[in-house]
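# Structure at a glance
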Amino acid sequence: MDRAQACAFWLDSGPPSPGDGLAGETKARLRAAYGEPHRRYHDMTHIADCLGELARVEGLADERRLRLAYAIWWHDEIYDPTRSDNEAASAALARDDLAALGEADSTCAEVARLIELTTGHQVGEDDPDGALLVSIDLAVLGRSAEAYDAYASAIRQEYAHVPDAFFRPGRAGVLRRILEAQPLYPDPAYRARYEDQARANLTREIATLS
(Lines give C-alpha, C1' and ligand atoms only; values in the text may rest on other atoms or scores of the structure.)
Protein backbone atom coordinates (compact mmCIF):
# COMPACT_ATOMS: atom_id res chain seq x y z
CA MET A 1 0.00 0.00 0.00
CA ASP A 2 1.17 3.56 -0.69
CA ARG A 3 1.66 6.14 2.08
CA ALA A 4 -1.86 7.52 1.84
CA GLN A 5 -3.33 4.02 2.03
CA ALA A 6 -1.05 3.08 4.93
CA CYS A 7 -2.06 6.25 6.71
CA ALA A 8 -5.75 5.44 6.31
CA PHE A 9 -5.15 1.83 7.43
CA TRP A 10 -3.34 2.79 10.63
CA LEU A 11 -5.70 5.64 11.50
CA ASP A 12 -8.51 3.07 11.57
CA SER A 13 -8.74 1.51 15.03
CA GLY A 14 -11.11 -1.22 13.84
CA PRO A 15 -10.18 -4.84 13.15
CA PRO A 16 -8.26 -5.65 9.95
CA SER A 17 -9.77 -7.37 6.93
CA PRO A 18 -8.74 -10.90 5.85
CA GLY A 19 -6.77 -9.57 2.87
CA ASP A 20 -4.61 -7.10 4.80
CA GLY A 21 -1.61 -9.41 4.94
CA LEU A 22 1.21 -8.85 7.42
CA ALA A 23 -0.07 -5.38 8.29
CA GLY A 24 -3.41 -6.92 9.21
CA GLU A 25 -1.77 -9.64 11.29
CA THR A 26 0.27 -6.98 13.11
CA LYS A 27 -2.77 -4.83 13.79
CA ALA A 28 -4.70 -7.86 15.07
CA ARG A 29 -1.86 -8.65 17.47
CA LEU A 30 -1.77 -5.06 18.71
CA ARG A 31 -5.53 -5.04 19.25
CA ALA A 32 -5.21 -8.27 21.25
CA ALA A 33 -2.51 -6.70 23.43
CA TYR A 34 -4.75 -3.71 24.17
CA GLY A 35 -7.50 -6.15 25.12
CA GLU A 36 -5.52 -7.69 27.99
CA PRO A 37 -7.80 -8.06 31.03
CA HIS A 38 -5.68 -5.97 33.41
CA ARG A 39 -6.07 -2.86 31.24
CA ARG A 40 -8.74 -0.38 32.26
CA TYR A 41 -7.43 2.83 30.68
CA HIS A 42 -4.46 1.77 28.52
CA ASP A 43 -6.70 -0.20 26.16
CA MET A 44 -8.16 0.05 22.66
CA THR A 45 -10.47 2.86 23.75
CA HIS A 46 -7.39 4.96 24.55
CA ILE A 47 -5.75 4.06 21.23
CA ALA A 48 -8.93 4.86 19.27
CA ASP A 49 -9.24 8.17 21.10
CA CYS A 50 -5.63 9.10 20.27
CA LEU A 51 -6.07 8.11 16.63
CA GLY A 52 -9.21 10.23 16.45
CA GLU A 53 -7.27 13.19 17.84
CA LEU A 54 -4.54 12.66 15.24
CA ALA A 55 -7.05 12.38 12.39
CA ARG A 56 -8.43 15.81 13.30
CA VAL A 57 -5.04 17.55 13.15
CA GLU A 58 -4.92 19.62 9.98
CA GLY A 59 -1.98 20.23 7.69
CA LEU A 60 0.06 17.05 8.30
CA ALA A 61 1.71 15.34 5.35
CA ASP A 62 0.94 11.62 5.04
CA GLU A 63 4.48 10.67 6.10
CA ARG A 64 4.31 12.61 9.37
CA ARG A 65 0.79 11.45 10.13
CA LEU A 66 1.76 7.83 9.49
CA ARG A 67 4.76 8.02 11.84
CA LEU A 68 2.54 9.49 14.54
CA ALA A 69 -0.12 6.82 13.94
CA TYR A 70 2.54 4.13 14.32
CA ALA A 71 3.71 5.74 17.57
CA ILE A 72 0.15 5.78 18.90
CA TRP A 73 -0.47 2.13 18.04
CA TRP A 74 2.74 0.89 19.65
CA HIS A 75 3.26 3.32 22.55
CA ASP A 76 1.41 1.19 25.12
CA GLU A 77 1.72 -2.23 23.52
CA ILE A 78 3.61 -3.33 26.61
CA TYR A 79 1.72 -2.19 29.69
CA ASP A 80 2.40 -3.79 33.04
CA PRO A 81 1.86 -1.50 36.06
CA THR A 82 4.44 -3.51 38.02
CA ARG A 83 7.36 -2.66 35.69
CA SER A 84 9.10 0.60 34.81
CA ASP A 85 10.28 -0.08 31.26
CA ASN A 86 6.96 -0.30 29.43
CA GLU A 87 7.71 2.51 26.97
CA ALA A 88 11.22 1.28 26.19
CA ALA A 89 9.94 -2.26 25.63
CA SER A 90 7.11 -0.97 23.42
CA ALA A 91 9.59 1.13 21.42
CA ALA A 92 11.79 -1.91 20.83
CA LEU A 93 8.81 -3.91 19.57
CA ALA A 94 7.84 -1.05 17.27
CA ARG A 95 11.32 -1.02 15.73
CA ASP A 96 11.16 -4.76 15.01
CA ASP A 97 7.59 -4.79 13.75
CA LEU A 98 7.97 -1.78 11.48
CA ALA A 99 11.19 -3.18 10.03
CA ALA A 100 9.30 -6.41 9.27
CA LEU A 101 6.63 -4.31 7.55
CA GLY A 102 9.31 -2.84 5.29
CA GLU A 103 9.71 0.58 6.87
CA ALA A 104 13.03 2.38 6.52
CA ASP A 105 15.47 2.38 9.41
CA SER A 106 14.94 6.13 9.82
CA THR A 107 11.18 5.65 10.25
CA CYS A 108 11.67 2.82 12.74
CA ALA A 109 14.09 4.94 14.76
CA GLU A 110 11.84 8.00 14.75
CA VAL A 111 8.77 6.05 15.85
CA ALA A 112 10.78 4.47 18.67
CA ARG A 113 12.02 7.91 19.73
CA LEU A 114 8.48 9.28 19.78
CA ILE A 115 7.24 6.36 21.88
CA GLU A 116 9.99 6.89 24.46
CA LEU A 117 8.88 10.51 24.86
CA THR A 118 5.69 9.22 26.48
CA THR A 119 7.73 8.00 29.46
CA GLY A 120 7.96 11.47 31.01
CA HIS A 121 6.07 13.55 28.44
CA GLN A 122 8.99 16.00 28.21
CA VAL A 123 9.74 17.38 24.75
CA GLY A 124 12.68 19.46 23.63
CA GLU A 125 12.52 22.56 21.50
CA ASP A 126 11.91 22.29 17.77
CA ASP A 127 10.22 18.88 18.01
CA PRO A 128 6.72 19.42 16.59
CA ASP A 129 5.96 15.73 16.15
CA GLY A 130 7.07 14.95 19.68
CA ALA A 131 5.01 17.85 20.98
CA LEU A 132 1.97 16.62 19.10
CA LEU A 133 2.26 12.99 20.23
CA VAL A 134 2.74 13.94 23.88
CA SER A 135 -0.17 16.36 23.73
CA ILE A 136 -2.43 13.76 22.14
CA ASP A 137 -1.46 11.20 24.79
CA LEU A 138 -2.33 13.73 27.53
CA ALA A 139 -5.57 14.96 25.92
CA VAL A 140 -7.69 13.09 28.47
CA LEU A 141 -6.37 15.34 31.24
CA GLY A 142 -8.11 18.32 29.69
CA ARG A 143 -11.50 16.76 29.09
CA SER A 144 -14.62 17.44 31.14
CA ALA A 145 -14.56 16.74 34.87
CA GLU A 146 -16.74 13.65 34.30
CA ALA A 147 -14.43 12.25 31.62
CA TYR A 148 -11.39 12.97 33.75
CA ASP A 149 -12.91 11.23 36.76
CA ALA A 150 -13.61 8.14 34.64
CA TYR A 151 -9.96 8.16 33.53
CA ALA A 152 -8.72 8.53 37.12
CA SER A 153 -10.96 5.66 38.24
CA ALA A 154 -9.63 3.44 35.44
CA ILE A 155 -6.05 4.19 36.47
CA ARG A 156 -6.86 3.24 40.05
CA GLN A 157 -8.27 -0.08 38.81
CA GLU A 158 -5.05 -0.77 36.90
CA TYR A 159 -3.17 -0.28 40.17
CA ALA A 160 -5.58 -2.32 42.25
CA HIS A 161 -2.63 -4.34 43.53
CA VAL A 162 -1.25 -1.22 45.30
CA PRO A 163 -2.78 -0.42 48.72
CA ASP A 164 -4.27 3.05 49.20
CA ALA A 165 -1.55 3.95 51.69
CA PHE A 166 1.00 3.73 48.88
CA PHE A 167 -1.14 4.56 45.85
CA ARG A 168 -2.48 7.89 47.05
CA PRO A 169 0.85 9.64 47.75
CA GLY A 170 2.43 8.03 44.70
CA ARG A 171 -0.36 9.13 42.39
CA ALA A 172 -0.38 12.63 43.90
CA GLY A 173 3.36 12.88 43.26
CA VAL A 174 2.92 11.89 39.61
CA LEU A 175 0.17 14.48 39.15
CA ARG A 176 2.24 17.22 40.80
CA ARG A 177 5.11 16.52 38.41
CA ILE A 178 2.71 16.81 35.47
CA LEU A 179 1.44 20.12 36.86
CA GLU A 180 5.00 21.42 37.12
CA ALA A 181 5.42 21.22 33.34
CA GLN A 182 5.43 24.64 31.73
CA PRO A 183 3.50 24.28 29.53
CA LEU A 184 1.65 21.06 30.27
CA TYR A 185 0.78 20.66 26.56
CA PRO A 186 3.82 21.31 24.35
CA ASP A 187 1.70 21.58 21.19
CA PRO A 188 0.25 25.13 20.94
CA ALA A 189 -3.17 24.06 19.64
CA TYR A 190 -3.63 21.52 22.43
CA ARG A 191 -2.40 24.06 24.96
CA ALA A 192 -5.07 26.50 23.90
CA ARG A 193 -7.76 23.82 23.95
CA TYR A 194 -6.97 21.81 27.08
CA GLU A 195 -4.39 23.44 29.38
CA ASP A 196 -6.69 25.32 31.76
CA GLN A 197 -9.12 22.42 32.20
CA ALA A 198 -6.28 19.94 32.63
CA ARG A 199 -4.73 21.99 35.42
CA ALA A 200 -8.10 22.28 37.13
CA ASN A 201 -8.69 18.51 36.85
CA LEU A 202 -5.25 17.62 38.15
CA THR A 203 -5.51 20.04 41.06
CA ARG A 204 -8.89 18.61 41.99
CA GLU A 205 -7.66 15.01 41.95
CA ILE A 206 -4.62 15.89 44.04
CA ALA A 207 -6.95 17.39 46.64
CA THR A 208 -8.93 14.14 46.81
CA LEU A 209 -5.72 12.15 47.31
CA SER A 210 -4.40 14.27 50.16
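Residues numbered from 1 in each chain as written. Predicted model: local features only at pLDDT ≥ 70, side-chain atom pairs only at ≥ 80, totals over all residues. Heavy atoms only, no water.

## So, the side chain of Glu195
Here Glu195 lies in helix 10 (residues 188-209). For Glu195, a relative accessible area of 8% translates into the label buried. Of the polar contacts made by the side chain of Glu195, one reaches the backbone nitrogen of Tyr185; its length is 3.1 Å. Setting aside its immediate chain neighbours within four residues, Glu195 contacts Pro183, Leu184, Tyr185 and Tyr190. (Helix = DSSP H or I, 4+ residues; strand = E, 2+ residues; numbered from the N terminus. Buried < 20%, exposed > 50% of the residue type's maximum accessible area, 1.4 Å probe, protein only. Polar contact = N/O pair within 3.5 Å; in protein donor to acceptor, adjacent residues only side chain to side chain. Contact = heavy atoms within 4.5 Å.)

## Re the environment of Asn201
In this fold, Asn201 is placed in helix 10. By relative accessible area, Asn201 is classed as buried at 1%. Not counting residues within four places of it along the chain, the set of residues in contact with Asn201 comprises Leu141, Gly142, Arg143, Ser144, Ala145 and Tyr148. A polar contact is formed between the side chain of Asn201 and the backbone oxygen of Leu141, at a distance of 2.9 Å. From its side chain, Asn201 meets the backbone oxygen of Arg143 in a polar contact 2.9 Å long.

Any functional reading would require information that these geometric values do not contain.
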